[in-house]
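If you want the building blocks of each chain, they are given just below.
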Amino acid sequence: MPSKISKTGPDQVGRDDYLLVQAQLHGKIGEVLSATGLSRDSVAESALAGRIARDLMVRHEGDLRFDTVAAATLSAHSQLLANKSMSEATLASVTENRPLLMRLAAHHPGDPELSVCLASDYSAEGRAMAATGNLKGSVESYQKAIELLEELQRKLPHNPSRDRMLMLSYSHLGDTLGNPQFHNLGDYAGAEAAYEKM
């Protein structure tokens, strides 16, 4: 009786489909390594995932299946860098990602996942800017993330992951505006208003 388990190597499926899965795999490995404290390895795996995703975009930009994986992979890399307090690398990543994420969102204007990825990149940018002392830029980035997430909240049913992301964006915005435990802009009323929306 033949085995029901099929091989999924490049000879069994299309090469780019295989690479798409590889991008997801390396991104997940990066997340696991990040959680276990192996920073350099986690960043290398995540960066590899990003390179694969960018390479696929050369051939498949406009294909929703490829676009959503690429956007998720690239924004996850920015978040990983921000989580590791690698501010300069985070800012370089979001600067490189932004044009591509904007184009992908324009290709698929109603796709919520692409908006979430863009919001995630703005949030990572906000954290990196706050860490480097650019508090006004940080506030602008958080506000852009919040705008995208609130728009999704108005249009779509609640999603716990998006709700959490929105809550964290308001929290970071409040911290940057006026939380005395962090470098802040001294806007205590603005901070209170942001915290109230969490």
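Rules used in this analysis
- Residues numbered from 1 in each chain as written.
- Predicted model: local features only at pLDDT ≥ 70, side-chain atom pairs only at ≥ 80, totals over all residues.
- Heavy atoms only, no water.
- Salt bridge = Lys/Arg side-chain N within 4 Å of Asp/Glu carboxyl O.
- Helix = DSSP H or I, 4+ residues; strand = E, 2+ residues; numbered from the N terminus.
- Buried < 20%, exposed > 50% of the residue type's maximum accessible area, 1.4 Å probe, protein only.
- Core = buried A, V, L, I, M, F, W, Y, C linked by side-chain atoms within 4.5 Å.
- Contact = heavy atoms within 4.5 Å.
- Expected span 1.5 Å × (residues − 1).
- Bend = angle between axes of the 7 residues up to and from the residue.
- pLDDT = per-residue confidence, 0-100.

Side chains that carry opposite charge are capable of pairing whenever their charged atoms lie near each other. Scanning the entire structure with this criterion turns up eight salt bridges. Among the ionic pairs, glutamate 31 bridges to lysine 28, the shortest N-O distance being 3.8 Å. With glutamate 31 and lysine 28 both in helix 1 (residues 15-35) and three residues apart, the pair spans about one turn of that helix. Residue classification places glutamate 31 among the partly exposed residues on the basis of a relative accessible area of 39%. Taking the shortest distance from any N to any O, the salt bridge between arginine 98 and glutamate 125 comes out at 3.3 Å. Here arginine 98, found in helix 4 (residues 87-107), pairs with glutamate 125, found in helix 5 (residues 112-131); they are 27 residues apart in sequence, far enough to count as distant. Accessibility classification places arginine 98 together with glutamate 125 in one group, the buried group.

Nonpolar side chains in soluble globular proteins tend to end up buried together. Ranked by size, the top nonpolar core spans 35 residues in total, and within it Leu56, Met57, Ala71, Leu104, Ala119, Tyr170 and Leu173 carry the most contacts. Within the residue set of this core, elements represented by two or more residues are helix 1, helix 2 (39-60), helix 3 (64-83), helix 4, helix 5, helix 6 (135-155), helix 7 (160-178) and helix 8 (188-196). Here leucine 173 is in contact with Val139, Tyr142, Gln143, Ile146 and Ala194, once residues within four sequence places are set aside.

We now examine helix 4. Taking 1.5 Å of rise per residue, 21 residues should cover 30 Å, and helix 4 covers 30 Å from first to last C-alpha, within 8% of that figure. The largest bend in helix 4 amounts to roughly 35 degrees and is located at asparagine 97, with the proline proline 99 lying one to four residues further along. All buried positions along helix 4 are accounted for by Ser87, Thr90, Leu91, Ser93, Val94, Asn97, Arg98, Leu100, Leu101, Leu104 and Ala105. Tucked into the core, helix 4 has its buried residues touching helix 2, helix 3 and helix 5.

When pLDDT is averaged along the protein, the result is 92, and 93% of the positions lie at 70 or above. Contacts from residues 1-10, a stretch scored under 50 in pLDDT, to residues over four places away or in other chains number six contacts.

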